[in-house]
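Tertiary structure, described
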Amino acid sequence: MWNRRFRPAGAALSLVLTAALLAACSPRSAPKDEKFTVRFTEVIHSIFYAPQYVAQAKGFFADEGLEVVSSTAQGSDRGAAALLAGTADIAMVGPETAVFVHNQDSPVKVKIFAQLTARDGSFLLAREKPEGEFSWTDVKGKSIIGWRPGSMPQLVAEAILRQHGLDPETDLEYIDNLAATAMVGAFLSGQGDYIQVFEPSVSELVQGGHAYLATYLGADYGEMPYTAFLATDKFIAEHPDVIQRYTNAIYRAQKYIFEADPKVVAQEVAQFFEGTDVEILASSIQRYRDEGGWVHTPVMKPEDYEKLQDLMIAGGVLEPDQRAPFDAIATNRFAEEAVRQVK
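As a starting point, this report considers the structure included with it. This is a predicted model, so every value here is computed, not measured.

**Observations concerning the overall build of the protein chain**
- Within the protein chain, the secondary structure is distributed over 16 helices and ten strands.
- Over its C-alpha atoms the protein chain spans a radius of gyration of 20 Å, differing by no more than 12% from the 20 Å that the globule rule assigns to 343 residues.
- The principal-axis extents of the C-alpha atoms in the protein chain amount to approximately 60 × 50 × 35 Å.
- Across the 343 residues in the protein chain, those meeting the buried criterion constitute 56%.

**Points about the pattern of salt bridges**
- Inspection of the entire model under this criterion finds twelve salt bridges.
- For the salt bridge of Asp63 with Arg252, the shortest nitrogen-to-oxygen distance reads 2.9 Å. Taken together, the residues span a long stretch of sequence, with Asp63 in helix α3 (residues 60-63) and Arg252 in helix α11 (residues 240-259) at a distance of 189 residues.
- Of the residues examined, Arg252 reaches a relative accessible area of 27% and is grouped as partly exposed.
- Taking the shortest distance from any N to any O, the salt bridge between Arg323 and Asp310 comes out at 2.9 Å. Of this pair, Arg323 sits in the loop between α14 (302-314) and α15 (326-329) while Asp310 sits in helix α14, and the two are 13 residues apart along the sequence.
- Relative accessible area serves as the criterion here: at 41%, Asp310 is assigned to the partly exposed category.
- When salt bridges with common partners are traced through the structure, they connect Glu306, Asp310 and Arg323 into a single cluster.

**What about the packing of helix α6 (residues 152-163) against α14?**
- Where α6 contacts α14, the axes come no closer than 10 Å and their chain directions differ by 75°. The angle between the axes of α6 and α14 places the two elements in the roughly perpendicular class. Contacts between α6 and α14 pair Met152, Leu155, Val156, Ala159 and Arg162 from the former with Leu308, Leu311, Met312 and Ala314 from the latter.
- Grouping the amino acids of the contact of α6 with α14 by side-chain chemistry returns eight nonpolar, no polar and one charged.

**A look at the sheet that holds strand β10 (residues 227-232)**
- The mixed open sheet is built from five strands, whose spatial order is β2-β1-β3-β10-β4. Of all strands in the sheet, those bounded by a partner on one side alone are β2 (66-72) and β4 (110-117). Going across the sheet, the axis of each strand differs from the next one's by a mean of 25°, ignoring polarity.
- Summarising the sheet, β4 and β10 pair through six bridges and their orientation is antiparallel. Residue pairing for β10: Ala114 is matched across the bridge by Phe229.

**Quick look at the environment of Phe113**
- Mapped onto the elements of the fold, Phe113 is located in strand β4.
- Under the relative-accessibility criterion, Phe113 is labelled buried at 1%.
- With twelve residues separating them along the chain, Phe113 and Val101 place their C-alpha atoms 15 Å apart.
- Setting aside chain neighbours within four positions, we find Phe113 in contact with Ile90, Phe229, Leu230, Ala231, Ile243, Tyr246, Thr247, Thr331, Phe334 and Ala335.

**Considerations on the packing of aromatic side chains**
- Here the structure, examined in full by the defined rule, presents 22 aromatic pairs.
- Aromatic pair Phe134 and Tyr194: ring centres 6.3 Å apart, planes at 65°, arrangement edge-to-face. Placement of the pair is Phe134 in the loop between β5 (123-126) and β6 (143-145) and Tyr194 in strand β8 (residues 194-197), with a sequence separation of 60 residues.
- When the ring of Trp147 is compared with that of Phe198, the centres are 5.3 Å apart and the planes differ by 90°; the resulting orientation is edge-to-face. With Trp147 in the loop between β6 and α6 and Phe198 in the loop between β8 and α8 (201-207), this residue pair connects regions lying 51 residues apart in the sequence.
- For Trp147, a relative accessible area of 11% translates into the label buried.
- Since its relative accessible area comes to 6%, Phe198 is described here as buried.

Rules and cut-offs
- Sequence order as written defines residue numbering, which begins from 1 separately in each chain.
- Reporting in this predicted model follows two pLDDT cut-offs: at least 70 for local features of residues, and 80 or more for side-chain atom pairs to be given and counted; totals over whole chains, interfaces and linings ignore these cut-offs and use all residues.
- Based on all heavy atoms of the structure, the side-chain values leave hydrogens and waters out of the count.
- Per the convention used, a helix needs a DSSP run of H or I reaching at least four residues, while a strand needs a run of E reaching at least two, with both numbered from the N terminus.
- What the globule rule says is 2.2 Å times the number of residues to the power 0.38, and the radius of gyration is computed from C-alpha atoms.
- Throughout this description, buried means an accessible area under 20% of the type-specific maximum (1.4 Å probe, protein chains only), exposed means over 50%, and partly exposed covers the range between.
- Salt bridge, as used here, is a side-chain nitrogen of Lys or Arg placed within 4 Å of a carboxyl oxygen of Asp or Glu.
- Fitting a line to C-alpha atoms yields each axis, with helices limited to the stretch in contact; the angle taken between N-to-C directions then spans 0 to 180 degrees.
- Oblique is the label for any angle not covered by the other classes, which are roughly parallel (under 35 degrees), roughly antiparallel (over 145) and roughly perpendicular (65 to 115).
- Note on definitions: a residue-residue contact is assigned when non-hydrogen atoms from the two residues lie within 4.5 Å.
- Asp, Glu, Lys and Arg are counted as charged, while Ala, Val, Leu, Ile, Met, Phe, Trp, Tyr, Cys and Pro are counted as nonpolar; the rest, among them Gly, fall into the polar class.
- In this analysis, strands are considered paired if DSSP registers two or more bridges between them.
- The criterion for an aromatic pair is that two Phe, Tyr or Trp rings (for Trp, the six-membered ring) have centres within 6.5 Å, with stacked assigned to planes under 30 degrees apart, edge-to-face to planes over 60 apart and tilted to the rest.

Okay, here's the thing in structure tokens:
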């Protein structure tokens, strides 16, 4: 049984799963010499996921015979639900969703096949300029505009608070009932003493004089498999070549983003961030690269995955007896082959 704090996501996945099982879905073939259209959905839209946009902008997917049609799910739970419903082929979401689905009584499962990010991508911004060096104890008695209950940003934030002797339930107000798209607007309207956001919102708020950078949660908590690419076990079994080609393209992008000038990368992915200044995108990319936000290869380490489950248990969204074996929710087969193939 899922913890109460993740129940909304669990209920959504269960309902969509029921609909998916009732729906008649015809398999699509993917000959290697023909272009295959991949229906892709991302958890949120952020420059934190730059390798995905690089693979699209640089034609790495096209080189692999793939056409990617993208959508934004606005939540890992919704991204996983899209996979289960058959409205998406590949989802870029939090790896925790694979664990939740694994623990459902359903023949439909999802599996991680490539890792994208190496740690939390969110930053804590303060409305008022911190006096001296920021300390997490500064947030005691304050309010933070944060993320929905059971989400990775929320779990990481609460874990960090506990590490600094703060009770997330009583020592501060963590505002977790705002949609991701409404968070910045709420902060600009005066709500919250702090806000937990991703790039490019970080650079936009700081450079606009609306907030001050307090700390990077990814550095405060440390490495963990934060974002990954998932597909259903059925899709992987029917289209292993598509999964391999997709992983190859992502690995090329991962290599490129560490080698190229952030300003060049920003110009290339600017088409996916209409209305955002290229200089802000470049600053965002530089920040994530410097802070170790991205993995260098799509291979997920089993020991890092166990750290993820430790976080879920500590956050109260997973019972200790619900831990899922690595092989049940992830495969490194395609990632390891990509590393061998792509030079």
